[in-house]
Amino acid sequence: MEKKMDLTKYGITGTTEIVHNPSYEQLFAEETAAGLTGFDKGVVTEMGAVNVMTGIYTGRSPKDKFIVKDDTSKDTIWWTSEEFKNDNKPLTTEAWNELKELAVKELSNKKLYVVDLFCGANENTRLKIRFIVEVAWQAHFVTNMFIRPTKEELENFEPDFVVFNASKAKVTDYKRLGLNSETAVVFNLTERMQIILNTWYGGEMKKGLFSMMNYYLPLKGIAAMHCSANTDMEGKNTAIFFGLSGTGKTTLSTDPKRLLIGDDEHGWDDEGVFNFEGGCYAKVINLSKENEPDIWAAIKRDALLENVTVDAEGKIDFADKSVTENTRVSYPIYHIKNIVRPISKAPAAKRVIFLSADAFGVLPPVSILDKEQTKYYFLSGFTAKLAGTERGITEPTPTFSSCFGAAFLTLPPTTYADVLVKRMNASGASAYLVNTGWNGTGKRISIKDTRGIIDAILDGSIDKAETKTIPVFSFKVPTALPGVDPKILDPRDTYADPAEWDKRAADLAGRFIKNFKKFEALNGELAKAGPQL
Ligand SMILES: Nc1ncnc2c1ncn2[C@@H]1O[C@H](COP(=O)(O)OP(=O)(O)O)[C@@H](O)[C@H]1O
Ligand SMILES: C=C(OP(=O)(O)O)C(=O)O
Ligand SMILES: [Mn+2]
């Protein structure tokens, strides 16, 4: 028997029962137990995975994200400003204390789940995280998403970071506290804690810790990246795929020909690329066995679906977006057959792919970037926010999201760009901009064509292809690639009237130029690598 856990050191009192590091067996029993109602209740589906509903919040809520501004954070965090708005809004220690009291009150006098996990595959840089939650499926979600320590590693587990999930509590007095709504997703770097109030979306727990890794690692010279990663069957030829939510990181890195390192959050240190997580979080809207066979097969017992439509018999309708377009599944990474084992890491990346879902239909499906373009397009982070991943976004919305993950950056974008470029130079990596969004047909580029493009990048055939240069952007693009419809490679060919592309390209170029102005210090030289009007 393990030592009795004491939660009073967190202020939590009157706990009636603690379920500490439950097994999958126990999680299943707890989340489907008779008597559960509302958003606590898990429903068993025909695929064996349990589905839960998360209420009003079915995506992240960046407007409700705050970080305590105190001596630890005031000079390091990339705070939001008039010139460069971001989601790192300051919170006072006084407001934090009140929010913590609210969460403690919510979590006191009841049965709780305490789950101890790692964030980061490498022993020397990982965070030991303790999640304290009152909802069984939330314990399941974090067990899926983070790295599960061994029995021995759990023995003397002293957390570096603690998360309270009090999703059932509301911040009624939020205006006085300077918050945006009754919901709060708040961080304190001095206490090394995250507190969640009034949102049940699983992604807040996962992406919350990602923001923290994005803080701790670059300060040590290690790249922290919003990317998926895989490597070849020998574990040598590593590729990373940056992209904002919904642009294809999970879909494209899950490749039966390669070994998956991870689908969303990675570091890059002297030894190579390593995963922060122990699981994947895939979008399942319109999921088909044909297009995404490995993700389909990963949806089985121990996977956890969110906000999917399930009928009384447990039958799933993946096409239904009546609750949200951001339907999801989390599963432990070993639900994918081809993965790097036992630790999710591989040597330095040779190929760096920027996934951009261009809603304007201007970007080529693939562009070969030179060094300056690599920096420029990484810092610009042009893409679209896809429906559902953030509250209030209901259709593809063009955005410039620095480093393809501005919502998760806690340090200035240039910090991430500098570290990435240093790592890329050291490994001799080449970079590509891949449009997984729209073109002149008005339709999204097919997964089949994008996969063909990715294959050509990874097997090197793109390096041998004949190329041409696209005007305005000076993108170098191949004129033919095996397995890819050649008519899509020059985006102008996808328009009935190519003049329409010219018009849209000019408009988009203007947006790039305007956006890049905020990178004041870089604005003379590097701006030349961007589009020109
Ligand atoms: N050309 C394409 N490339 C990648 N994904 C595509 C493409 N066209 C449509 N999709 C869909 O877009 C979504 C990509 O989501 P996902 O891979 O989970 O993104 P991320 O991991 O970056 O958040 C999936 O639902 C996938 O089916
Ligand atoms: C989980 C999220 O995104 P991603 O698909 O990038 O993991 C998110 O943005 O909440
Ligand atoms: Mn993903």
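Residues numbered from 1 in each chain as written. Chains lettered and ligands numbered in written order. Predicted model: local features only at pLDDT ≥ 70, side-chain atom pairs only at ≥ 80, totals over all residues. Heavy atoms only, no water.

Labelled according to an unreviewed UniProt entry, the protein appears under the name Phosphoenolpyruvate carboxykinase (ATP), originating from Succinatimonas hippei. Here is the UniProt Pathway (unreviewed entry) comment for the protein, exactly as written: "Carbohydrate biosynthesis; gluconeogenesis." (UniProt positions renumbered as here; feature names shortened; annotations may be inferred.)

Visitor: Could you clarify how one ought to interpret the environment of Trp 200 in this entry?
Guide: Note on placement: Trp 200 falls in the loop between strand 10 (193-197) and helix 5 (203-216). Residues Trp 200 and Ala 431, spaced 231 residues apart in sequence, show a C-alpha to C-alpha distance of 37 Å. Not counting the four nearest positions on each side in its chain, Trp 200 is found in contact with Phe 39, Asp 40, Thr 54, Val 135, Trp 137, Gln 138, Ser 167 and Lys 168. Within the structure, Trp 200 has its side chain in polar contact with the backbone oxygen of Ser 167 (distance 3.4 Å). (Helix = DSSP H or I, 4+ residues; strand = E, 2+ residues; numbered from the N terminus. Contact = heavy atoms within 4.5 Å. Polar contact = N/O pair within 3.5 Å; in protein donor to acceptor, adjacent residues only side chain to side chain.)

Visitor: Is there a simple way to think about the site of ligand 2 in this case?
Guide: In the region of ligand 2, the neighbouring residues are Arg 60, Tyr 201, Lys 206, Lys 207, His 226, Ser 245, Lys 249, Asp 264, Tyr 281, Arg 328 and Phe 408. Tyr 201 is positioned with one of its side-chain polar atoms (N or O) 3.1 Å from an oxygen atom of ligand 2. Here an oxygen atom of ligand 2 sits 3.2 Å away from a polar atom, N or O, in the side chain of His 226. The protein chains hide 98% of the 290 Å² of surface that ligand 2 would expose on its own. In the shell around ligand 2, the residues fall into three nonpolar, two polar and six charged. Of the residues that make up the shell around ligand 2, three or more belong to each of domain 1 (11-37 + 61-220) and domain 2 (223-277 + 343-529). (Near = heavy atom within 4 Å. Areas by Shrake-Rupley, 256 points an atom, 1.4 Å probe, with all protein chains shown as cover. Nonpolar A, V, L, I, M, F, W, Y, C, P; charged D, E, K, R; others polar. Domains from an automatic or database assignment.)

Visitor: How should the sheet that holds strand 9 (residues 184-188) be read in this particular structure?
Guide: The strands making up a sheet are joined through hydrogen bonds of the backbone, oriented either antiparallel or parallel. Taken in spatial order, the eight strands make up an open sheet running 1-6-7-8-10-9-4-5, and their pairing is mixed. Unpaired on one side and paired on the other, strand 1 (17-20) and strand 5 (89-91) mark the two borders of the sheet. With direction set aside, neighbouring strand axes in the sheet form an average angle of 25°. Against the sheet, helix 3 (residues 136-145) contacts strand 6 (111-119), strand 7 (127-133) and strand 8 (161-166), and its axis sits at roughly 10° relative to strand 6. (Pairing = 2+ DSSP bridges. Axes fitted to C-alpha atoms, helices over the stretch in contact; angles between N-to-C directions.)

Visitor: Would you mind showing me how to read the domain arrangement of the protein here?
Guide: Accessible area lost upon the coming together of the parts is a frequently used measure of interface size. With domains assigned, the protein is organised as domain 1 (11-37 + 61-220) and domain 2 (223-277 + 343-529). Summed over both partners, the interface of domain 1 with domain 2 comes to about 2,600 Å²; 61% of that surface belongs to carbon and sulfur atoms. Along the contact surface separating domain 1 from domain 2 lie four salt bridges. Asp 264 is the partner of Lys 206 in a salt bridge, and the nearest nitrogen-oxygen pair spans 2.7 Å. At the surface where domain 1 touches domain 2, the tally comes to 16 residue pairs in polar contact (both at pLDDT 80 or more). When residues of the side of domain 1 that touches domain 2 are assigned to their parent elements, the largest contribution, eight residues, is made by helix 5. Here the side of domain 1 that touches domain 2 is composed, by residue class, of 18 nonpolar, eight polar and five charged. (Buried area = accessible area lost by both parts, 1.4 Å probe. Salt bridge = Lys/Arg side-chain N within 4 Å of Asp/Glu carboxyl O.)

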